[in-house]
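Residues per chain are reported as follows:
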Amino acid sequence: MRIGELSKRTDAPVRMLRYYEEQGLIHSERLPNGYRDYEDYTVDRVRQIRGLLDVGLPTRIIKQILPCLNSPRTIHMPYVTPDMITTLEDERDRMAEKIECLTKNHRAINDYLDAVSHEVRTVRAAGDSARPAGQP
């Protein structure tokens with residue numbers, strides 16, 4: 001797929017996709033006309049990258065852990081430093097806090113929708129029973 005389609009499918013600006021490629025986070029083949037051509041799996045890869053950036057990981061660390069996202073048991077990171085491990089542990093903990101917050105908000109919205117839906121059904125039922133038979 002060309003870069004414009006990848007941009008649409010991932011909601012990532014073309015400029016950002018070029019940056020990801022420049023950083024070695026995604027790869028493309030060049031067509032004879034010079035256009036970039038991306039494999040379908042790149043859509044998921046871009047979404048992973050954006051998610052990791054959203055939680056604050058820098059691209060240099062994302063580049064190192066991307067292989068781990070597909071098969072964690074085969075990952076080998078020859079340049080792991082104590083600082084990198086600390087950074088990843090901190091980011092993991094921040095993600096867990098965000099997940100907890102999102103889960104609470106999700107439950108609250110579900111509870112609200114359940115209550116509102118029940119109220120709407122009750123009002124509709126009361127309105128239906130107040131109408132004379134045969135009238136809509």
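The sections below set out a description of the structure shown in this document. (Residues numbered from 1 in each chain as written. Predicted model: local features only at pLDDT ≥ 70, side-chain atom pairs only at ≥ 80, totals over all residues. Heavy atoms only, no water.)

Considering the packing of helix α1 (residues 3-10) against helix α2 (residues 14-22)
Relative placement of two packed helices is described by the angle separating their axes and the distance separating the axes.
In step 1: Close contact between α1 and α2 brings their axes to 9 Å; oriented N to C, the two are set at 105°. Of the possible angle classes, the one that applies to α1 and α2 is roughly perpendicular. The residues of α2 that touch α1, namely those facing Ile3, Leu6, Ser7 and Thr10, are Val14, Leu17 and Arg18.
In step 2: Tallied by class, residues from the contact of α1 with α2 come to 4 nonpolar, 2 polar and 1 charged. (Axes fitted to C-alpha atoms, helices over the stretch in contact; angles between N-to-C directions. Helix = DSSP H or I, 4+ residues; strand = E, 2+ residues; numbered from the N terminus. Parallel < 35°, antiparallel > 145°, perpendicular 65-115°, else oblique. Contact = heavy atoms within 4.5 Å. Nonpolar A, V, L, I, M, F, W, Y, C, P; charged D, E, K, R; others polar.)

Structural notes on the side chain of Glu21
In step 1: For Glu21, the position within the fold is in helix α2.
In step 2: Judged by its relative accessible area of 19%, Glu21 falls in the buried class.
In step 3: A polar contact is formed between the side chain of Glu21 and the side chain of Ser28, at a distance of 2.6 Å.
In step 4: Beyond its immediate chain neighbours, meaning those up to four positions away, Glu21 contacts Ile26, His27, Ser28, Arg36 and Tyr38. (Buried < 20%, exposed > 50% of the residue type's maximum accessible area, 1.4 Å probe, protein only. Polar contact = N/O pair within 3.5 Å; in protein donor to acceptor, adjacent residues only side chain to side chain.)

Some words on α1
Think of an α-helix as 3.6 residues a turn; residues three or four steps apart then line up on the same face.
In step 1: Among the residues making up α1, those that are buried are Ile3, Leu6, Ser7 and Thr10. For α1, the angular spread of the buried residues around the axis is 100°, confining them to a single face.
In step 2: Residues of α1 that are buried make contact with α2, β2 (36-37) and α3 (42-54).
In step 3: Note on α1: the residue one or two positions beyond its end, Asp11, has a positive phi of about 60°. (Arc of directions from axis to C-beta.)

So, a nonpolar patch on the surface
In step 1: The grouping of Ile109, Tyr112, Leu113, Val116 and Val120 at the surface amounts to a nonpolar patch, some 450 Å² of accessible area in total.
In step 2: Looking at the secondary structure, you find Leu113 in helix α5 (residues 82-130). (Patch = residues over 30% accessible without salt bridge, like charges linked within 9 Å, V, L, I, M, F, W, Y side chains within 5 Å. Areas by Shrake-Rupley, 256 points an atom, 1.4 Å probe, with all protein chains shown as cover. Salt bridge = Lys/Arg side-chain N within 4 Å of Asp/Glu carboxyl O.)

A few points about the pattern of salt bridges
In step 1: Applying the stated criterion to the full structure yields 7 salt bridges.
In step 2: For Arg9, the salt bridge identified is with Glu5, shortest N-O distance 3.6 Å. Of this pair, Arg9 and Glu5 both sit in helix α1, 4 residues apart, which is roughly one turn of the helix.
In step 3: Here Glu100 ties to Lys104 by a salt bridge, and the two come within 3.5 Å at their closest N and O atoms. Of this pair, Glu100 and Lys104 both sit in helix α5, 4 residues apart, which is roughly one turn of that helix.
In step 4: Bridged by salt links that share partners, the residues Glu5, Arg9 and Asp40 form one connected network.

Considering unusual backbone geometry
In step 1: The phi angle at Asp11 is positive, at roughly 60°, despite the residue not being glycine.
In step 2: Relative to the helices and strands, Asp11 resides in the loop between α1 and α2.

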